Amino acid sequence: MMSLNRAYIFLGPPGAGKGTQSKRVARQWGVPHLSTGDMLREAIGRGTELGRVAEPLMARGQLVPDELVMRMVEERLRQSDAAGGCVFDGFPRTLPQAQQLDRILEKRGFGKPVVIEFCVAEDDLIRRLSGRRMCSVGGEIYNLVDAPPKVDGICDRDGGKLEQRPDDRAEVVKDRLRAYERQTKPLAEYYRKQNALDEVDASKSMEEVSRALTEIMRRTEGPNGRL
Ligand code: AP5
């Protein structure tokens, strides 16, 4: 298992494949996968105060307030497994989140993150999200068309029941895509200006996207890395 010694950020619209690829990368490189979406869904499942605030916002495809997300992320980063780096999935999502993350990483001596933008056309995103199913136990991601489980409705890894995410309904997906364009897409420019942005054609097959990511990560890893 390798350590990244830096933070990677998977940036991209809903359905671009960030979760699918960050789970693979986390297994491959032995670093934590920090998905703010998964963390918020867990808070909802546990019925915490954060979960109660987040649930109606997520159901409408709106973002959870920055200060709540930042508190949750900072708490998670204090855990020892994140000391050698991590892969952020779905975070940061606004300019204030990105600026605050810069300060956190600097304090930890990580320097600039490596940001990878997943580029996929909107039609593909809508198609992928309508076919997505997630394991209710371990969060494994499937697709009825592109990545079906071996047994219908059952997770291959842990036997959990596969479910559709409430925010994958067509009317919510439209609002999530709009929120992405308005609040998150501008981060690509923010990181491009810092010379920290790479792009991946995420409309390709999962294997091809995975290979492209490994190439970027090998190039940026370690003392000979770009940053
Ligand atoms: P979050 O859970 O982060 O969702 P998202 O960013 O909208 O992204 P998705 O999980 O929908 O898509 P993905 O890119 O991970 O795609 P996946 O790999 O699953 O956020 C949910 C909500 O939480 C937000 O709306 C917001 O309310 C709140 N929130 C979260 N973070 C926040 C933050 N930082 N600040 C404020 N609010 C926050 O793949 C999708 C489908 O495609 C799957 O079925 C998969 O099998 C398939 N697939 C993947 N790759 C391929 C491929 N190459 N070819 C074919 N199919 C593929």
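The rules behind each value
Residues numbered from 1 in each chain as written. Predicted model: local features only at pLDDT ≥ 70, side-chain atom pairs only at ≥ 80, totals over all residues. Heavy atoms only, no water. Helix = DSSP H or I, 4+ residues; strand = E, 2+ residues; numbered from the N terminus. Buried < 20%, exposed > 50% of the residue type's maximum accessible area, 1.4 Å probe, protein only. 1 Å grid on protein atoms, 1.4 Å probe; cavity = no way out; pocket = protein on both sides within 12 Å on 5 of 7 lines; lining within 4 Å. Points joined across faces, edges and corners; volume = space filled by probe spheres on them. Nonpolar A, V, L, I, M, F, W, Y, C, P; charged D, E, K, R; others polar. Contact = heavy atoms within 4.5 Å. Polar contact = N/O pair within 3.5 Å; in protein donor to acceptor, adjacent residues only side chain to side chain. Pairing = 2+ DSSP bridges. Near = heavy atom within 4 Å. Areas by Shrake-Rupley, 256 points an atom, 1.4 Å probe, with all protein chains shown as cover. Sits in = over half its atoms within 2 Å of the grid points.

## Let's talk about the environment of Gly45
Inference 1: In this fold, Gly45 is placed in helix α2 (residues 36–46).
Inference 2: Using a relative accessible area of 68% as the deciding quantity, one classes Gly45 as exposed.

## Some remarks on empty space enclosed by the protein
Inference 1: Evaluated as defined, the whole model comprises 1 cavity of 30 Å³ or more.
Inference 2: The space that makes up the largest cavity amounts to roughly 50 Å³.
Inference 3: Within the residue set of the lining of the largest cavity, elements represented by two or more residues are β1 (6–11) and α7 (170–184).
Inference 4: In the lining of the largest cavity, the residues fall into 5 nonpolar, 3 polar and 2 charged.

## Some remarks on the environment of Glu117
Inference 1: Position of Glu117 among the secondary structure elements: in strand β4 (residues 114–119).
Inference 2: The sequence separation of Glu117 and Glu199 amounts to 82 residues, and the corresponding C-alpha distance is 4.7 Å.
Inference 3: With residues near it in sequence (within four places) discarded, Glu117 still touches Leu11, Tyr180, Lys185, Ala188, Arg192, Leu197, Asp198, Glu199 and Val200.
Inference 4: At 2.8 Å, the side chain of Glu117 and the side chain of Lys185 are in polar contact.

## Description of the environment of Lys204
Inference 1: Following the sequence through the fold, Lys204 ends up in the loop between β8 (197–201) and α9 (206–220).
Inference 2: Residue classification places Lys204 among the partly exposed positions, given a relative accessible area of 43%.

## Here we look at the layout of surface pockets
Inference 1: Volume-wise, the largest pocket comes out at about 910 Å³.
Inference 2: If you trace the largest pocket, you find 48 residues lining it, with Pro14, Gly15, Lys18, Arg132 and Arg165 closest to the centre.
Inference 3: At the level of secondary structure, the elements contributing two or more residues to the lining of the largest pocket comprise α1 (18–29), β2 (33–35), α2, α6 (122–130), β5 (132–135), β6 (141–143), α7 and α9.
Inference 4: The residue makeup of the lining of the largest pocket, split by class, is 17 nonpolar, 17 polar and 14 charged.
Inference 5: Of the voids in this model, the second largest pocket is the one considered here, and its volume is about 610 Å³.
Inference 6: If you go around the second largest pocket, you meet 22 residues; those closest to its centre are Asp38, Arg41, Met134, Cys135 and Arg165.
Inference 7: Taken together, the elements giving at least two residues each to the lining of the second largest pocket come down to α1, α2, α3 (49–59) and β5.
Inference 8: At 4 residues, α2 tops the list of elements feeding residues into the lining of the second largest pocket.
Inference 9: The class makeup of the residues in the lining of the second largest pocket is 7 nonpolar, 5 polar and 10 charged.

## A closer look at the pairing of β1
Inference 1: Within β1, 6 of the 6 residues are buried, which leaves it mostly tucked inside the rest of the structure.
Inference 2: As paired strands, β1 and β4 are joined by 4 bridges and run parallel to one another. Within β4, the position partnered with Ile9 by the bridge is Val115.

## Focus on the site of the ligand
Inference 1: Taken together, 35 residues are adjacent to the ligand, and Thr20, Gln62, Arg93, Arg132 and Arg176 come closest.
Inference 2: In the model, a nitrogen atom of the ligand is placed 2.8 Å from a nitrogen or oxygen of the Lys204 main chain.
Inference 3: A distance of 3.4 Å separates a nitrogen atom of the ligand from a polar backbone atom of Met206.
Inference 4: In the complex, 97% of the free accessible area of the ligand, which totals 1,100 Å², lies under the protein chains.
Inference 5: Assessed atom by atom at 2 Å from the grid points, the ligand resides in the largest pocket.

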